[in-house]
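Spelled out, the chains give:
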Amino acid sequence: DAGITQSPRHKVTETGTPVTLRCHQTENHRYMYWYRQDPGHGLRLIHYSYGVKDTDKGEVSDGYSVSRSKTEDFLLTLESATSSQTSVYFCAIASGTSKETQYFGPGTRLLVL
Amino acid sequence: AQKITQTQPGMFVQEKEAVTLDCTYDTSDPSYGLFWYKQPSSGEMIFLIYQGSYDQQNATEGRYSLNFQKARKSANLVISASQLGDSAMYFCARSTGTASKLTFGTGTRLQVTL
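The model shown is predicted, which means the values in this text are computed figures rather than measured ones.

So, how was this worked out
- Residues numbered from 1 in each chain as written.
- Chains lettered and ligands numbered in written order.
- Predicted model: local features only at pLDDT ≥ 70, side-chain atom pairs only at ≥ 80, totals over all residues.
- Heavy atoms only, no water.
- Helix = DSSP H or I, 4+ residues; strand = E, 2+ residues; numbered from the N terminus.
- Rg over C-alpha atoms; globule rule 2.2 N^0.38 Å.
- Buried < 20%, exposed > 50% of the residue type's maximum accessible area, 1.4 Å probe, protein only.
- Contact = heavy atoms within 4.5 Å.
- Salt bridge = Lys/Arg side-chain N within 4 Å of Asp/Glu carboxyl O.
- Pairing = 2+ DSSP bridges.
- Axes fitted to C-alpha atoms, helices over the stretch in contact; angles between N-to-C directions.
- Buried area = accessible area lost by both parts, 1.4 Å probe.
- Polar contact = N/O pair within 3.5 Å; in protein donor to acceptor, adjacent residues only side chain to side chain.
- Nonpolar A, V, L, I, M, F, W, Y, C, P; charged D, E, K, R; others polar.

1. Some points on the overall build of chain B
Part 1: For chain B, the helix and strand inventory stands at zero helices and twelve strands.
Part 2: Shown N-terminal to C-terminal, the secondary structure of chain B runs as helices and strands in the order β-β-β-β-β-β-β-β-β-β-β-β.
Part 3: Computed over C-alpha atoms, the radius of gyration of chain B comes to 14 Å, within 12% of the 13 Å expected from 2.2 N^0.38 for 114 residues, which places it in the range of a compact globule.
Part 4: Across its three principal directions, the C-alpha atoms of chain B cover 45 × 25 × 20 Å.
Part 5: Residues classed as buried in chain B amount to 49% of the 114 residues present.
Part 6: Taking all contacts inside chain B whose residues are at least 6 apart in sequence as the whole, residues at least 24 apart take part in 53%.

2. Structural notes on the pattern of salt bridges
All names here are of chain A.
Part 1: According to the stated counting rule, one finds five salt bridges over all chains in the structure shown.
Part 2: Across the pair Arg-22 and Asp-73 runs a salt bridge whose closest N-O atoms are separated by 3.1 Å. Of this pair, Arg-22 sits in strand E3 (residues 19-25) while Asp-73 is found in strand E8 (residues 73-78), placing the two residues 51 residues apart along the sequence.
Part 3: Residue Arg-22 is classed as partly exposed on the basis of its relative accessible area of 33%.
Part 4: Residue Asp-73 is classed as buried on the basis of its relative accessible area of 8%.
Part 5: With its nearest N and O atoms 2.8 Å apart, the salt bridge here joins Asp-38 to Arg-36.
Part 6: Among the charged side chains, a network of salt bridges with common partners joins Arg-22, Lys-70 and Asp-73.

3. Looking at the sheet that holds strand E7 (residues 64-70) of chain A
Residue and element names in this part refer to chain A.
Part 1: Across the sheet, which stays open at both edges, the four strands sit in the order E1-E3-E8-E7 with antiparallel pairing between neighbours. Since the sheet does not close on itself, it has two edges, and those belong to strand E1 (4-7) and E7, each with one partner. For this sheet, the mean angle separating the axes of adjacent strands, direction not counted, is 20°.
Part 2: Examined bridge by bridge, E1 and E3 share four bridges and lie antiparallel to one another. Counterpart to Thr-5 in the pairing with E3 is His-24.

4. Regarding the interface of chain B and chain A
Part 1: At the interface, 17 residues of chain B touch 17 residues of chain A.
Part 2: For the pair chain B and chain A, the summed buried area comes to about 1600 Å², and 57% of that belongs to carbon and sulfur atoms.
Part 3: Counting the contacts that link chain B with chain A gives five residue pairs in polar contact (both at pLDDT 80 or more).
Part 4: Those elements that provide at least two residues to the side of chain B that touches chain A are strand E5 (33-39), strand E6 (46-52) and strand E11 (101-104) of chain B.
Part 5: Broken down by class, the residue content of the side of chain B that touches chain A amounts to nine nonpolar, six polar and two charged.

Pasting the structure below:
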């Protein structure tokens, strides 16, 4: 158990509203990541963080922002949700071992109407 | 984009038989990692096995082994003695860079039958 929680686990929202998803870890890992999973695409990296206040873009970052003010929390914000952002969102942390394996949270299912 | 290709959208295997799930990858990096994850119908992503690009031996973890052929850029997952609980989606992924960002394939759905 990598000690990762995501909240909320499910959310329904309307187009144009802001949405924030939270990822919380209990094991002080340096790296945290946000991915989205859509049918036919596998998982795609949205943003990642390599420390407090240190973040960078991934493959599909348009329409998303992130913040990391504490080691344990990594927030993903959809400033103005669109239907194309309906997806399952996974947070991940890097284990810190020499293998740098990423362990995933349980996921958040987001529906934008 | 440097792709990960999983050419088998679906596979069937009988219980207790072995099965190979294919994965090929692009990369221009000399150092990278290869991973396999399992996603059961409940939705969580479960790490199975890791292979480093400089590892001389193929990785093994219990019933899982990774057939790593560096020159062919392939990293196939072999599951021995399949069990009904192995029915799931399986994703191949490659890490690159200092932040070990993962690029995933589109997955293979494995169904284990009696």
